[in-house]
Amino acid sequence: MSESTRGAGVASAAAQAAGEFSASDAYRRYVLGLLLVVYVVNFIDRSIVNILLEPLKQEFHPSDTALGFLSGPAFAIFYATLGIPIARWADRGVRRDIIALALFLWSGMTALCGLARTFPQLMLARIGVGVGEAGCSPPAHSMLADYYPPEQRGRAFATYALGIPIGTAFGFLLGGWMAQELGWRYAFLLVGLPGIALALLVRLTLREPPRGHSEARAREAADAPTAREVARTMWRLASFRHLAIAATLHAFVGYGVANWNAAFLARSHGMSPKEIGFWLALVGIVAGGLGTYLGGVFSDRLGKRDARWSMWVPGVSTLVAVPFSIGFYLSPDIRSALLFAGIPVFFGAMYLGPTFSITQALAPLRMRAVASAFLLFLLNLIGFGLGPLAVGMLS
């Protein structure tokens with residue numbers, strides 16, 4: 001059979017599958033809700049190490065630079081680089097199975113962090129968390145784009161992105177309480193193990209939608225382009241190029257300060273791990289959650305009048321956040337610092353939904369997972385990887 005005949009046959013089968021596939025509004029909400037829970041677990045397991053930096057320093061006596069490497073590059077290098085080949089797999093394979101396998105892996109590696117007896121062992125387990133989490137967002141973004149049409153994606157992706165503030169908040173809350181009451185080892189174990197059961201739920205209940213289902217476009221070539229071709233195609237788009245640079249700078253600052261806020265509050269204001277966990281969780285859930293969701297809502301509504309609002313919303317909100325961030329770090333007492341804390345978190349979180357949504361809108365069907373991975377590669381390698389390390393070195 002010739003390549004052209006095979007391609008035509010696969011395209012016909014895809015179109016037929018798209019016509020047979022249907023998803024009710026209730027099931028679409030279930031898919032979004034379950035992927036949100038997965039992303040919450042993703043960020044609990046990713047961020048819990050931040051609240052545990054001081055106990056880990058007391059246990060293993062590493063330098064601040066080593067702690068910065070543990071919470072940043074040790075995770076981000078493998079998360080960012082492996083995200084692209086896994087995303088290429090997702091553009092050709094069953095995205096549901098990839099998410100379930102990734103969740104199983106990173107949850108198990110989080111639990112193994114609690115069994116580490118040396119700092120290098122902890123570093124290796126942390127690398128394993130990064131390897132597993134690389135398989136979460138690119139396939140999830142691609143699936144959501146097939147379940148939700150373009151005019152609803154800003155809100156859908158903002159809802160999914162709520163996993164970041166909610167997961168980070170629970171990481172601080174659970175980590176702070178467990179570190180003080182049970183010890184840091186139990187903190188890693190108890191947040192890691194439930195993800196294994198969640199992986200089974202994802203595998204058994206999520207349905208794989210046809211590519212382009214939400215846009216009735218299941219007719220593109222069956223074979224996905226190479227990662228290099230996707231990168232070249234996306235980078236040629238000035239809109240994506242500017243979006244990616246701005247989001248990367250945002251992530252560099254955001255991850256850099258967020259990973260060290262717990263240590264900052266402990267060292268500068270003498271707060272206990274339980275107090276730090278409570279206040280950072282409260283700020284993250286309320287301010288971060290509202291900002292993330294409203295960023296998607298505003299971009300969807302205002303984008304109907306002028307598509308440029310999809311980028312103006314995160315641009316303006318980021319600018320507004322800056323002076324309040326300065327106020328948080330320069331406050332002389334804890335009360336005034338906490339009063340400032342929520343405002344930059346609220347405005348800073350607004351970029352998430354519009355950024356992910358625009359990326360999926362710009363990418364062709366068979367490039368969506370890799371396009372998302374390419375964006376996340378920049379955000380995580382430079383933002384999550386270098387931001388915490390830069391703060392640790394400056395400290």
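Here's a quick rundown of the structure. Every value quoted in this text rests on a predicted model; they were computed, and no experiment measured them.

### Re the overall build of the chain
Next up, step 1: The secondary structure content of the chain amounts to 20 helices and 0 strands.
Next up, step 2: Taking 21 Å as the expected radius of gyration for a compact globule of 395 residues, we find that the chain reaches 21 Å, a close match to that expectation.
Next up, step 3: For the chain, the spread of C-alpha atoms along the principal axes amounts to about 70 × 45 × 40 Å.
Next up, step 4: Considering the chain as a whole, with its 395 residues, one finds that 55% of them fall into the buried category.
Next up, step 5: Relative to all contacts within the chain whose residues are 6 or more apart in sequence, the contacts with residues 24 or more apart total 86%.
Next up, step 6: Summed over its atoms, the accessible surface of the chain is roughly 16,500 Å², and 68% of this surface lies on carbon and sulfur atoms.
Next up, step 7: Within the chain, one finds 32 positive and 22 negative side-chain charges whose respective centroids are separated by 3 Å.

### Digging into the packing of aromatic side chains
Next up, step 1: Applying the stated rule across the entire model yields 16 aromatic pairs.
Next up, step 2: With centroids separated by 5.9 Å and ring planes inclined at 35°, the aromatic side chains of Tyr27 and Tyr30 adopt a geometry described as tilted. Residue Tyr27 and its partner Tyr30 are both found in helix H2 (residues 25-51); the two are separated by 3 residues, about one turn of the helix.
Next up, step 3: Since its relative accessible area comes to 14%, Tyr27 is described here as buried.
Next up, step 4: Judged by relative accessible area, Tyr30 falls into the partly exposed class, the value being 33%.
Next up, step 5: Relative to Phe188, the ring of Trp184 has its centre 6.0 Å away and its plane inclined at 85°; by these criteria the two rings are edge-to-face. Of this pair, Trp184 and Phe188 are both found in helix H11 (residues 184-192), 4 residues apart, which corresponds to roughly one turn of the helix.

Reading the values: the criteria
- Residues numbered from 1 in each chain as written.
- Predicted model: local features only at pLDDT ≥ 70, side-chain atom pairs only at ≥ 80, totals over all residues.
- Heavy atoms only, no water.
- Helix = DSSP H or I, 4+ residues; strand = E, 2+ residues; numbered from the N terminus.
- Rg over C-alpha atoms; globule rule 2.2 N^0.38 Å.
- Buried < 20%, exposed > 50% of the residue type's maximum accessible area, 1.4 Å probe, protein only.
- Contact = heavy atoms within 4.5 Å.
- Areas by Shrake-Rupley, 256 points an atom, 1.4 Å probe, with all protein chains shown as cover.
- Lys, Arg positive; Asp, Glu negative; His and termini not counted.
- Charge placed at Lys NZ, Arg CZ, Asp CG, Glu CD.
- Phe/Tyr/Trp six-rings, centres within 6.5 Å; stacked < 30°, edge-to-face > 60°.

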